[in-house]
Structures are given as structure tokens and as C-alpha cells.
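Summary of the model geometry
The chain contents come next:
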Amino acid sequence: MNHAKALLIKGIMTFAVLLLLMGSFAGIGDILVITLVLGAISYLAGDLFILPKTSNLTASLADLALSFFVIWGLGLMLFEQTDGIVFAALFASVLIASGEWFFHSYMADRVLRINRKI
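Overview of the structure. Every chain is numbered on its own, with residues counted from 1 as its sequence reads. Totals for whole chains, interfaces and linings use all residues, but because this is a predicted model, local features are given only for residues with pLDDT of at least 70 and pairs of side-chain atoms are given and counted only at 80 or more. By convention in this description, side-chain values take in all heavy atoms of the structure and omit both hydrogens and water.

**So, the pattern of salt bridges**
To keep it simple, the criterion reads: Here, a salt bridge means any Lys or Arg side-chain nitrogen found within 4 Å of an Asp or Glu carboxyl oxygen. Every helix listed is a DSSP run of H or I at least four residues long, and every strand listed is a run of E at least two residues long, numbered separately from the N terminus. Here the term buried applies to any residue with accessible area under 20% of the maximum for its type, exposed to any over 50%, and partly exposed to those in between, with areas from a 1.4 Å probe on protein chains only.
Taken as a whole, this structure holds two salt bridges when the rule is applied. Here lysine 10 ties to aspartate 47 by a salt bridge, and the two come within 2.8 Å at their closest N and O atoms. Of this pair, lysine 10 sits in helix 1 (residues 2-22) while aspartate 47 sits in helix 2 (residues 28-53), placing them 37 residues apart in sequence. As far as the burial class goes, lysine 10 and aspartate 47 line up, both buried.

**What about helix 4 (residues 85-111)?**
To keep it simple, the criterion reads: How far a helix is expected to stretch is found by multiplying one less than its residue total by 1.5 Å. We define the bend at any residue as the angle between the axes fitted to the seven residues before and including it, ending there, and the seven starting there.
In this model helix 4 runs just 34 Å from its N-terminal to its C-terminal C-alpha over 27 residues, more than 12% under the 39 Å that 1.5 Å per residue would give. The sharpest bend along helix 4 comes to roughly 30 degrees, located at tryptophan 101. Positive phi appears at arginine 113, one or two residues downstream of helix 4, with a value of about 55 degrees.

Put into C-alpha cells, the structure is as follows:
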């Protein structure tokens, strides 16, 4: 149940950022597809694999890079208008990674139960 709640939080955060930044030139269906693909990949790679083995900073930077390439790549395939997709993907990735910084604290404390010494 904790993983489902975490995925829901991550999905809502990602969908909101993408809708805000790309809603004017992308359909909601396309934004939903990117949200689902990005959420699945980043949850498995960033939150369940990288975060427990490294730091919040490392996991957030990995999420930044992953978000950029997924949003950019899927945007090129899904969107009819791709002018400025690189900048939109970069800005969205920075916002998502900023949110991931806080999300990782939630994941470490509530879902993964990681006890880190400060």
C-alpha cells in the first residue's frame, strides 16, 4: 500500500508539472503517457534502486537526467508541435527533480524505511 501511495504522489506531481508547462501544445493523453512511462522508469531506477544505495542528491540528479531524456524523447514522438521541446523538457525536468528532492525524503522515511545517519 505504501508503494501505491508513493506512485500516486509521484504521478500527480509529474502530471501537474507537465500539464502546466506543456498543456498548451500537447494533449492530455500525451501528457498522461509521458507521466506513466516516466513514473514507472524513475520509480524503479531512481527511487527503488539508486536512492537506497546513494544519497538524495545523487538520486535527484539521476531523476533530472532521466526526466529530461524521457520527456524530450517521448515529446518528439507524441507531440505534433516540437518547437522548443528541448527547453520545455529541460525546465520540466528541473521542476520534477526539485519535487523529487522532497519526495525522496518521504520515500526514505515512509516507504523504504532507510535509517541514515546525518
